[in-house]
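Survey of secondary and tertiary structure
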Amino acid sequence: MSPIGVFDSGYGGLTILREIRRLLPEYDFVYLGDNARAPYGNRSFDVVYNFTREAVKTLFDMGCPLVILACNTASAKALRTIQQHDLPLWDAERRVLGVIRPTAEVIGHLSQSRHVGVVATPGTILSESYRLEINKLYPDIVVNAHACPMWVPLVENSETESAGADYFVKKDIDALFAMDAMIDTVILGCTHYPLLLDKIRKYVPQGTTIIPQGEYVATSLCGYLHRHPEMDSRLTKSGECHYFTTEHSDKFGKTARMFLDEDIQVEHLSSLGNKP
Ligand code: DGL
């Protein structure tokens, strides 16, 4: 098998995997969640880089020619260094892609007011990746970003329906719109956040467009494979998907149901960076 690897710190990348599999059902996939070390969002650049590097190496060792970092924090803090420093040393024929660029690309067509809000982990916000990517493509867009450090723990702990989720989502959405009341489009710059979509909808001003990334990342991947037939021909296509987590496989399987609406088999990996 030469599957496409999909990596996230935990469950969030499943929101991306689901959309990718909808568009590319015939491809094979391996999903890896580093739940034992999630969340990544409050960690330093070096830590996120080292963890992500180990995960990519693990997916390469499993035979993936292509890995998607389905995690904004990893895309913001580790993607460039892995692409520029590690790939040439490991195997220049393999590829690692992230989720920030494909999301930034669509924004220019979606915002009327040209005021865009970004909610994400503290790591992604501090990196300024969204502002930089969006303004590279659309210099006229005003980007205001707000870090939501409690949202990933709410998702990882299955608290998305709780009163606590209402409290924190309202607090953070209010803070974002207090920065800029002209925002008409909000990017969910963390792959966990689509699980809080109902709560987010409840607290944004009416008419606000909310952007979960999955479908844009999936469309962008289709375009990439179309432009790169040399990569496409290396990927196997028997429609299989295997799931790995660094935490308890049973818990992962149960929680993944919320994201995927299907039962899955999950294998445990005791550490990353080595062959399983
Ligand atoms: N899902 C990840 C993201 O898109 C981050 C979650 C975390 O903090 O680990 O940023």
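You'll find the structure just up there.
For clarity, every value in this text was computed on a predicted model and none was experimentally measured. (Residues numbered from 1 in each chain as written. Predicted model: local features only at pLDDT ≥ 70, side-chain atom pairs only at ≥ 80, totals over all residues. Heavy atoms only, no water.)

Some thoughts on the layout of surface pockets
By volume, the largest pocket is sized at about 680 Å³. Among the elements of the structure, α3 (72–77), α4 (79–90), β4 (95–97), α5 (100–110), α7 (129–137) and α11 (214–227) are those that each provide at least two residues to the lining of the largest pocket. In terms of residues, the lining of the largest pocket owes the most to one element, α11, which gives seven residues. Here the lining of the largest pocket is built from residues that sort into 14 nonpolar, nine polar and eight charged. R18, M258, F259, L260 and D261 are, among the 18 residues lining the second largest pocket, the residues nearest its centre. Breaking the lining of the second largest pocket down by element, the ones donating at least two residues are α1 (13–23), α10 (197–203) and α13 (249–260). (1 Å grid on protein atoms, 1.4 Å probe; cavity = no way out; pocket = protein on both sides within 12 Å on 5 of 7 lines; lining within 4 Å. Points joined across faces, edges and corners; volume = space filled by probe spheres on them. Helix = DSSP H or I, 4+ residues; strand = E, 2+ residues; numbered from the N terminus. Nonpolar A, V, L, I, M, F, W, Y, C, P; charged D, E, K, R; others polar.)

Brief notes about α5
For α5, the set of buried residues is I100, P102, T103, A104, V106, I107 and G108. Summarising the contacts, the buried residues of α5 are in contact with α3, β5 (115–120), α7, β7 (185–188), β8 (209–211) and α11. (Buried < 20%, exposed > 50% of the residue type's maximum accessible area, 1.4 Å probe, protein only. Contact = heavy atoms within 4.5 Å.)

Details of the site of the ligand
Not every one of the 13 residues close to the ligand is listed here, only the nearest: S9, Y40, G41, T73 and H192. The side chain of T73 places a nitrogen or oxygen atom 2.7 Å from an oxygen atom of the ligand. Relative to its unbound accessible surface of 300 Å², the ligand loses 99% to contact with the protein. Placement of the ligand is best described as lying within the largest cavity. Its residues assigned to classes, the shell around the ligand comprises five nonpolar, seven polar and one charged. (Near = heavy atom within 4 Å. Polar contact = N/O pair within 3.5 Å; in protein donor to acceptor, adjacent residues only side chain to side chain. Areas by Shrake-Rupley, 256 points an atom, 1.4 Å probe, with all protein chains shown as cover. Sits in = over half its atoms within 2 Å of the grid points.)

Brief notes about the packing of α1 against α11
Axis separation between α1 and α11 bottoms out at 8 Å; the angle between their running directions is 45°. Considering the angle they form, α1 stands oblique to α11. The handedness of the crossing between α1 and α11 is right-handed. In this structure, α1 uses T15, I16, E19, I20 and L23 to contact α11, whose residues at the interface are G214, E215, V217, A218, T219, L221 and C222. When its residues are assigned to classes, the contact of α1 with α11 shows seven nonpolar, three polar and two charged. (Axes fitted to C-alpha atoms, helices over the stretch in contact; angles between N-to-C directions. Parallel < 35°, antiparallel > 145°, perpendicular 65-115°, else oblique. Left-handed = near helix turned anticlockwise from the far one by under 90°.)

Some words on the side chain of T121
In this structure, T121 sits in the loop between β5 and α6 (122–127). T121 gets classed as buried once you look at its relative accessible area, which sits at 4%. When residues no more than four places from it in sequence are discounted, the contact partners of T121 are G41, T73, A147, V152, C190 and Y193.

Observations regarding empty space enclosed by the protein
Any empty space left between the atoms is revealed when a probe the size of a water molecule rolls over them. Taken as a whole and assessed by the stated rule, the structure comprises two cavities of 30 Å³ or more. Considering only enclosed or pocket space, the largest cavity measures out at about 80 Å³ in volume. Lining the largest cavity are 15 residues; nearest its centre among them are S9, C71, T73, T121 and C190. Residues of the lining of the largest cavity, tallied by class, amount to five nonpolar, nine polar and one charged. Volume-wise, the second largest cavity comes out at about 40 Å³. In this structure, the second largest cavity is lined by P39, G41, N42, T121, P122, P149, V152 and P153. Partitioned by chemical class, the residues of the lining of the second largest cavity number five nonpolar, three polar and no charged.

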